[in-house]
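Each chain, letter by letter, is given below.
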There are 2 protein chains.
Amino acid sequence: MSLLSDTLSAIPGADASACATAHLRLTQLTMPPWALGRLMDTAERLAAMTGQAKPRLERTAIAIFAGDHGVCAEGVSAFPAEVTPQMVANFVAGGAGINAIARISGASVLAVDVGVAGDLAALAGHYRDERIRAGTANLARGPAMTRDQAQRAIEAGIRTARDLCATADLLAAGDMGIGNTTPSSCITACLTGADPATVTGRGTGIDDAAHARKAQVVAHALALNRPDPGDGLDVLAKVGGLEIGAIAGFYLGCAAARKPVVLDGFIATAGALIAQALQPRVVDHLIAGHRSVEPGHRIALARLGLEPLLDLGLRLGEGTGAAMAFPLVQAAGRLLSDVATFGEAAVSGKPAG
Amino acid sequence: MSLLSDTLSAIPGADASACATAHLRLTQLTMPPWALGRLMDTAERLAAMTGQAKPRLERTAIAIFAGDHGVCAEGVSAFPAEVTPQMVANFVAGGAGINAIARISGASVLAVDVGVAGDLAALAGHYRDERIRAGTANLARGPAMTRDQAQRAIEAGIRTARDLCATADLLAAGDMGIGNTTPSSCITACLTGADPATVTGRGTGIDDAAHARKAQVVAHALALNRPDPGDGLDVLAKVGGLEIGAIAGFYLGCAAARKPVVLDGFIATAGALIAQALQPRVVDHLIAGHRSVEPGHRIALARLGLEPLLDLGLRLGEGTGAAMAFPLVQAAGRLLSDVATFGEAAVSGKPAG
């Protein structure tokens, strides 16, 4: 048995009993029936995820998985690859978008190197070193990584989740990797059956010519590598990314620990598709934080069957959309623990009939 | 000069200089151009509201204005009027939906009686007493209140805002008043020109027959009282509510103090329409927290020209939708104060051309 197979079998389904208890209480709260809409739906799911009728969600944590991408050689990104290690330094220094947004819920932020192609020695001790290789191979020319490396990337995410779950109740994974919307487009097309052109967006902001080239790269990579949509590890190895594999593993690890985890944008959700391919029950433990402007994100979320909480035109990644949704998920949890019922508060209910 | 007229003239417009400074910095942050979308739009507006290029928004506060409605005699609500004072007691005890949601940003919660038709003596010292009369008159039979009472309701909101602004940076008003979607529908129809039937919803959950009756009451009240859409005080007096007037005043008071204020749902937004009718510049200081399921809310927000941050199927009021948006607004503010620029963090920008 491997860490991966152990984790896959440890993931429980939704807890129907806790869900029913939570549902009953939500219908008795001092407010008109289901007057907090999607927040109440989320509260019910939180009970099902955690197995707790009154889940605690106070301690939040974010892991940002970083990796580089050989496919950048095809001119698919607006930014140079050197930005990946520079941004890891920015996360460590606390100056990135995710650091600012993490503060609204007091979330811890941990950068994890799974496959950066650059020297991070100056940051030693300030990030988690899980580097498997210095960036993927160019998926437009062959597999992005070996099957063994794909499994190790997932297991790096599982280990990170296990460690963070010891001190956090609500988690999210973020991504950093110049070029990583291209493997995310490949994964989404492969695992949803959508046309490569419909799932390929503009990432950090490429022009029309680069966008057309990127869609061709995605279609070509799928035709060349022929990933098997019934085999999540094969998809990750052939057209994925190291940080995307770690994100998939992070979701599996959180689900096995019964800790709710909030999805970020397109790259994170590509990781969730890989996790779903490996173990469909993982989806019971995922909350969609937001809908990104990347066209493939909507398609990937539909495949997971998840409706996002926020839709604010975000396209940054790093976990920012998930971290923005943390307070909403915490509010949903508080409905179960903090709000009085009609009986408890001696408030008159709606007359019958 | 009155408190109302003094406040109306003290409200500044948007600060173009602070807005431009904020805009420039937002374009230089270590992320692709405008990659945090609506959050960056909000950050820019926060600078324009406060006159600060790096606004502080840490301390949050909510005032819930409560009042009763004579129009309940027409059978327009699913709940009995006794619920209004019972819910004020629930706010004071900390057991209502707004108390739970306020905790996600550490917001203070203050209940304010502007016109409850019930005894609150048992709560003395735990709420703010600004009662003007014990509920409005039935607006289906004549004016809801006198013009003098309408002005006093607005001034109660202004005073409350002044006091809370001394110790809070970001504020919201909530409402409690069984029957108050009916005056809100009247105000929205009058001030937007929309058909009464299109702005009348199901409130706390009335059936088809009650909904048809409610739409008739709204149309009848407008035909009977003939409020002047060019005179906000006249609209409030004839077809409004005491807590709606106080909410309007609260927005005016916050705007005069240059403190950003987040709108809640349909009733709060009806209050904003009254405030806008009195002083159009107040809208520069308002942020729309969410879009409610009440059909009139979309129409009222369009009249204000505001796009809401959240759309979660809420229909509770109490300030809950605004309090849920507080962390998002705080995150927007943190983009200006906490995120490094490309230059500060030594991160490579997007190559020109």
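Since this is a predicted model, take the numbers as computed values, not measurements.

(A) Up close: the overall build of chain A. On a plain count of helices and strands, chain A comes out with 15 helices and 6 strands. Its C-alpha atoms give chain A a radius of gyration of 20 Å, within 12% of the compact-globule value 20 Å for 353 residues. The principal-axis extent of the C-alpha atoms belonging to chain A is close to 70 × 45 × 45 Å. In chain A, buried positions account for 65% of the 353 residues. Residue pairs at least 24 apart in sequence account for 77% of intrachain contacts in chain A once pairs closer than 6 positions are excluded. Surface summary for chain A: the accessible area is close to 11200 Å², and the carbon and sulfur share equals 51%. Mean positive and mean negative side-chain charge positions of chain A (29 and 32 charges, respectively) differ by 3 Å.

(B) The arrangement of the pairing of strand E1 (residues 60-67) of chain A in detail. Residue and element names in this part refer to chain A. For E1, the buried fraction is high: 8 of the 8 residues fall into the buried class. Taking every second residue as pointing to the same face, both faces of E1 are buried, with Thr60, Ile62, Ile64 and Ala66 on one and Ala61, Ala63, Phe65 and Gly67 on the other. As judged from the 7 bridges shared by E1 and strand E4 (residues 170-176), these two strands associate in the parallel manner. Bridge pairing links Ala66 to Met176 in E4. Here E1 runs beside strand E2 (residues 108-115); their pairing, made up of 7 bridges, is parallel. Bridged to Ala63 within E2 is Leu110.

(C) Structural detail: the sheet that holds E2 of chain A. Overall, parallel pairing links the 6 strands, which are arranged E3-E2-E1-E4-E5-E6 (chain A) in an open sheet. In this open sheet, the two edge strands, each paired with only one partner strand, are strand E3 (128-129) and strand E6 (286-288) of chain A.

(D) Spatial organisation of the relation of the copies chain B and chain A. Rotating chain B by 180° about the axis while translating it 0.0 Å along that axis superimposes it on chain A, leaving an RMSD of 0.0 Å. Taken together, the rotation angle and the small translation identify this as a two-fold axis. Here 100% of the contact residues of chain B are again contact residues in chain A; the copies associate through an equivalent surface.

(E) A look at the pattern of salt bridges. A complete count under the given rule lists 34 salt bridges over all chains for this structure. A salt bridge links Asp338 of chain B to Arg103 of chain A; its shortest N-O distance comes to 2.8 Å. Here Asp338 of chain B is found in helix H14 (residues 320-338), whereas its partner Arg103 of chain A is found in the loop between helix H5 (97-102) and E2 on a different chain. With a relative accessible area of 18%, Asp338 of chain B lands in the buried category. Judged by relative accessible area, Arg103 of chain A falls into the partly exposed class, the value being 37%. The salt bridge partner of Arg131 of chain A is Asp113 of chain A, with a shortest N-O separation of 2.6 Å. Remark: Asp113 of chain A occurs in strand E2 and Arg131 of chain A occurs in the loop between E3 and helix H6 (147-165); sequence separation between them is 18 residues. Since its relative accessible area comes to 31%, Arg131 of chain A is described here as partly exposed.

(F) The arrangement of the pairing of E4 of chain A in detail. Residues and elements named next belong to chain A. Taking burial as the measure, the 7 residues of E4 include 7 buried ones, the bulk of the element. Neither face of E4 is open: one carries Leu170, Ala172, Gly174 and Met176, the other Leu171, Ala173 and Asp175, and all of them are buried. As paired elements, E4 and strand E5 (residues 261-263) share 2 bridges and run parallel to each other. Bridge assignment links Leu171 to a residue of E5, and that residue is Val261.

(G) How the structure looks around the interface of chain B and chain A. Every contact between the two is made by 56 residues of chain B and, on the other side, 56 residues of chain A. The junction of chain B with chain A conceals about 4400 Å² of combined surface from both sides, 66% of it contributed by carbon and sulfur atoms. Viewed at the interface, chain A and chain B are joined by 16 residue pairs in polar contact (both at pLDDT 80 or more). Counting only elements with at least two residues in the side of chain B that touches chain A, the list comes to helix H3 (37-50), helix H4 (83-93), helix H5 (97-102), H14 and helix H15 (342-345) of chain B. At 9 residues, the largest contribution of residues to the side of chain B that touches chain A is made by H14 of chain B. The class makeup of the residues in the side of chain B that touches chain A is 33 nonpolar, 14 polar and 9 charged.

(H) Up close: the sheet that holds strand E5 (residues 261-263) of chain B. The 6 strands are arranged E3-E2-E1-E4-E5-E6 (chain B) in an open sheet whose pairing can be described as parallel. Only two strands of the sheet have a single partner each, and these edge strands are strand E3 (128-129) and strand E6 (286-288) of chain B.

(I) Spotlight on the nonpolar core. Residues Leu36 of chain A together with Leu36 of chain B are the most contacted members of the largest nonpolar core, which totals 124 residues. Once you skip the residues sitting within four places of it in the chain, Leu36 of chain A turns out to touch Met31 and Leu335 of chain A together with Ile101, Leu312, Gly313, Leu314, Leu316, Thr320 and Met324 of chain B. Formed by 71 residues, the second largest nonpolar core is a distinct cluster that contains Val112, Met145, Ala168 and Ala272 of chain A.

(J) Main features of helix H7 (residues 181-192) of chain B. All names here are of chain B. The end-to-end C-alpha distance of H7, which contains 12 residues, comes to 16 Å, matching closely the 16 Å that a straight helix rising 1.5 Å per residue would cover. In terms of burial, H7 is a largely internal element, 11 of the 12 residues being buried. Of the positions making up H7, those classed as buried are Thr181, Thr182, Pro183, Ser184, Ser185, Cys186, Ile187, Thr188, Ala189, Cys190 and Leu191. Looking at the packing, one finds that the buried side of H7 touches helix H8 (196-199), helix H9 (208-225), helix H10 (232-239), helix H11 (242-256), helix H12 (266-278) and helix H13 (295-304).

(K) View of the confidence of the model for chain A. All names here are of chain A. Looking at chain A as a whole, its pLDDT mean stands at 97, while 99% of the residues score no less than 70. For chain A, the element scoring lowest by mean pLDDT is helix H8 (residues 196-199), at 94; helix H11 (residues 242-256) scores highest, at 99. Scored by ipTM, the complex comes to 0.97, with pTM at 0.98.

(L) Spotlight on helix H13 (residues 295-304) of chain A. Residue and element names in this part refer to chain A. Gly296, His297, Ala300, Leu301 and Leu304 are the residues of H13 that are buried. Projected down its long axis, H13 carries its buried residues within an arc of 135°, all on one side. In H13, the exposed residues that point more than 90 degrees away from the buried face are Arg298 and Ala302. Considering only its buried residues, H13 is in contact with helix H7 (181-192), H8, E5, helix H12 (266-278) and E6. At the C-terminal side of H13, Gly305 shows a positive phi close to 75°.

(M) Highlighting the side chain of Glu243 of chain A. Residues and elements named next belong to chain A. With respect to the helices and strands, the residue Glu243 is situated in helix H11. Of the side chains with opposite charge, Arg133 comes closest to the buried, unpaired Glu243, at an N-O distance of 11 Å. When neighbours within four sequence positions are excluded, Glu243 is seen to be in contact with Phe65, Ala66, Gly67, His69, Val114, Asp175, Met176, Gly177 and Asn180.

Rules of the game
Residues numbered from 1 in each chain as written. Chains lettered and ligands numbered in written order. Predicted model: local features only at pLDDT ≥ 70, side-chain atom pairs only at ≥ 80, totals over all residues. Heavy atoms only, no water. Helix = DSSP H or I, 4+ residues; strand = E, 2+ residues; numbered from the N terminus. Rg over C-alpha atoms; globule rule 2.2 N^0.38 Å. Buried < 20%, exposed > 50% of the residue type's maximum accessible area, 1.4 Å probe, protein only. Contact = heavy atoms within 4.5 Å. Areas by Shrake-Rupley, 256 points an atom, 1.4 Å probe, with all protein chains shown as cover. Lys, Arg positive; Asp, Glu negative; His and termini not counted. Charge placed at Lys NZ, Arg CZ, Asp CG, Glu CD. Pairing = 2+ DSSP bridges. Least-squares fit on C-alpha atoms with pLDDT ≥ 70 in both. Salt bridge = Lys/Arg side-chain N within 4 Å of Asp/Glu carboxyl O. Buried area = accessible area lost by both parts, 1.4 Å probe. Polar contact = N/O pair within 3.5 Å; in protein donor to acceptor, adjacent residues only side chain to side chain. Nonpolar A, V, L, I, M, F, W, Y, C, P; charged D, E, K, R; others polar. Core = buried A, V, L, I, M, F, W, Y, C linked by side-chain atoms within 4.5 Å. Expected span 1.5 Å × (residues − 1). pLDDT = per-residue confidence, 0-100. Arc of directions from axis to C-beta.

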